[in-house]
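What follows is each chain in one-letter form.
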Amino acid sequence: MANHRVAGARGAGWYADGWSAFRSAPGPWVLAAAGYLLITLLLNFIPLIGPIAGAVIGPGLLAGFLLMARAAEDGTDVRAGMLFQALGDAQSRGPLLVLGAVALAATLLAGLILVYTAPGEVAPGGGMGPGGPTEPMPGGPPPMGALIATLLVMLAVSFALFFAIPLVTFRDLDPVAAMRESFGACLRNLGAVLLFLVLYLILGFVAVLPMGLGFLLLLPVGMAAAYRAYREVFPEPPEESAE
């Protein structure tokens, strides 16, 4: 599948487009963001199963924001209920859940890298004798190599999912093909995608300050911006645009 290369500055310009989409119907956007955050919060209260379920259904819920962005682009009604539309679609639900499972596996891998590379020292009295079993004690932060490896894992999965969610939602690609296309497109547009992700991290830090309420704005604007990124990098074929 062909993808286009865009200027690196578009990584910031996409947010301006996302803001325009948000302003067209702020009420539904905020309601959808509140629903997403509430679902995530409630699932995190369920030991073990809740966070896993939240990670797996995450791409399906984010796809709902992309559907809202498409509605805003088409000038049709933007409804908060679209948040669940992709998960309710039998054709897209399975592939989106697979993407969520991939994201979960990558997160666990990154966590294992940090845990098993963290330096430690044997607790006093340790050993397999009367003093009891050996117990590792924290000895400092993970080495720089482990931090870099973790960052690379998370960056790779971000690249694989960045365009994969809209490609599954709008182009009916299977998850593996969608992730492959997404990763290649991100590498081709490395400057724009990295700028987009860095800006999101910065804006996310700001959004956390007012008790996390800033995500009611950042989440919809960011997802509408991600939709614009998809539309520019993967423009619809002429026959689809004419319909």
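These numbers were taken from a predicted model, which means no experiment stands behind them.

A.B. asks: Just to check I follow, could you spell out the layout of surface pockets for this structure?
C.D. replies: With a probe scaled to a water molecule rolled over the atoms, the places where space remains empty come into view. Within this model, the largest pocket holds a volume of roughly 1,400 Å³. What lines the largest pocket is a set of 40 residues, among which Tyr 36, Leu 62, Ser 158, Leu 161 and Tyr 200 lie closest to the centre. Elements represented by at least two residues in the lining of the largest pocket include exactly helix H2 (26–44), helix H3 (49–74), helix H5 (90–117), helix H6 (144–162), helix H7 (164–171), helix H9 (190–208) and helix H10 (215–233). Broken down by element, the lining of the largest pocket gets its largest block of residues, 10 residues, from H3. Among the residues making up the lining of the largest pocket, the classes are represented as 31 nonpolar, nine polar and no charged. Roughly 260 Å³ of internal volume is contained in the second largest pocket. In terms of lining, the second largest pocket is formed by 16 residues, of which the most central are Leu 67, Arg 70, Thr 169, Phe 170 and Arg 171. Of the residues assigned to the lining of the second largest pocket, the class counts are five nonpolar, four polar and seven charged.

A.B. asks: Is there a simple way to explain the nonpolar core in this structure?
C.D. replies: When a protein is soluble and globular, its nonpolar side chains tend to lie buried together. One finds Trp 14, Trp 29, Phe 65, Leu 99 and Phe 163 to be the most contacted residues of the largest nonpolar core, which totals 62 residues. When neighbours within four sequence positions are excluded, Trp 29 is seen to be in contact with Ala 21, Phe 22, Phe 65, Met 68, Ala 69, Val 78, Pro 220 and Ala 224.

A.B. asks: Mind showing me how you'd approach H5 here?
C.D. replies: Given 3.6 residues per helical turn, the α-helix brings residues three or four places apart onto the same face. When the terminal C-alpha atoms of H5 are compared, their 42 Å separation across 28 residues agrees well with the 40 Å that a helix rising 1.5 Å per residue should span. Tucked inside the fold, the buried residues of H5 contact H3, helix H4 (85–88), H6, H7 and helix H8 (175–188).

A.B. asks: Help me understand the side chain of Glu 181 in this model?
C.D. replies: Residue position: Glu 181 is located in helix H8. Look at Glu 181: it is buried, it has no salt bridge, and the nearest opposite charge is Arg 180 at 5.0 Å.

A.B. asks: Even after reading the chapter, I still don't get unusual backbone geometry, so can you show me in this structure?
C.D. replies: Of all residues except glycine, most have a negative phi; of all peptide bonds, most are trans. You will see that Leu 48, though not glycine, has its phi angle at about 60 degrees, which is positive. Of note, Leu 48 is situated in the loop between H2 and H3. A residue is classified by how much of its surface remains accessible, and Leu 48, at 65% relative accessible area, is exposed. In this model, Asp 172 sits at a positive phi of 60 degrees, which is unusual for a non-glycine residue.

A.B. asks: Looking at this structure, how should I read H7?
C.D. replies: The buried count for H7 comes to eight of eight residues, which makes it a mostly enclosed element. Here H7 has its buried residues at Ala 164, Ile 165, Pro 166, Leu 167, Val 168, Thr 169, Phe 170 and Arg 171. Positive phi shows up at Asp 172, right after H7, with a value of about 60 degrees.

Parameters and conventions
Residues numbered from 1 in each chain as written. Predicted model: local features only at pLDDT ≥ 70, side-chain atom pairs only at ≥ 80, totals over all residues. Heavy atoms only, no water. 1 Å grid on protein atoms, 1.4 Å probe; cavity = no way out; pocket = protein on both sides within 12 Å on 5 of 7 lines; lining within 4 Å. Points joined across faces, edges and corners; volume = space filled by probe spheres on them. Helix = DSSP H or I, 4+ residues; strand = E, 2+ residues; numbered from the N terminus. Nonpolar A, V, L, I, M, F, W, Y, C, P; charged D, E, K, R; others polar. Core = buried A, V, L, I, M, F, W, Y, C linked by side-chain atoms within 4.5 Å. Buried < 20%, exposed > 50% of the residue type's maximum accessible area, 1.4 Å probe, protein only. Contact = heavy atoms within 4.5 Å. Expected span 1.5 Å × (residues − 1). Lys, Arg positive; Asp, Glu negative; His and termini not counted. Salt bridge = Lys/Arg side-chain N within 4 Å of Asp/Glu carboxyl O.

All quantities given are derived from atomic positions and should not be read as evidence of function.
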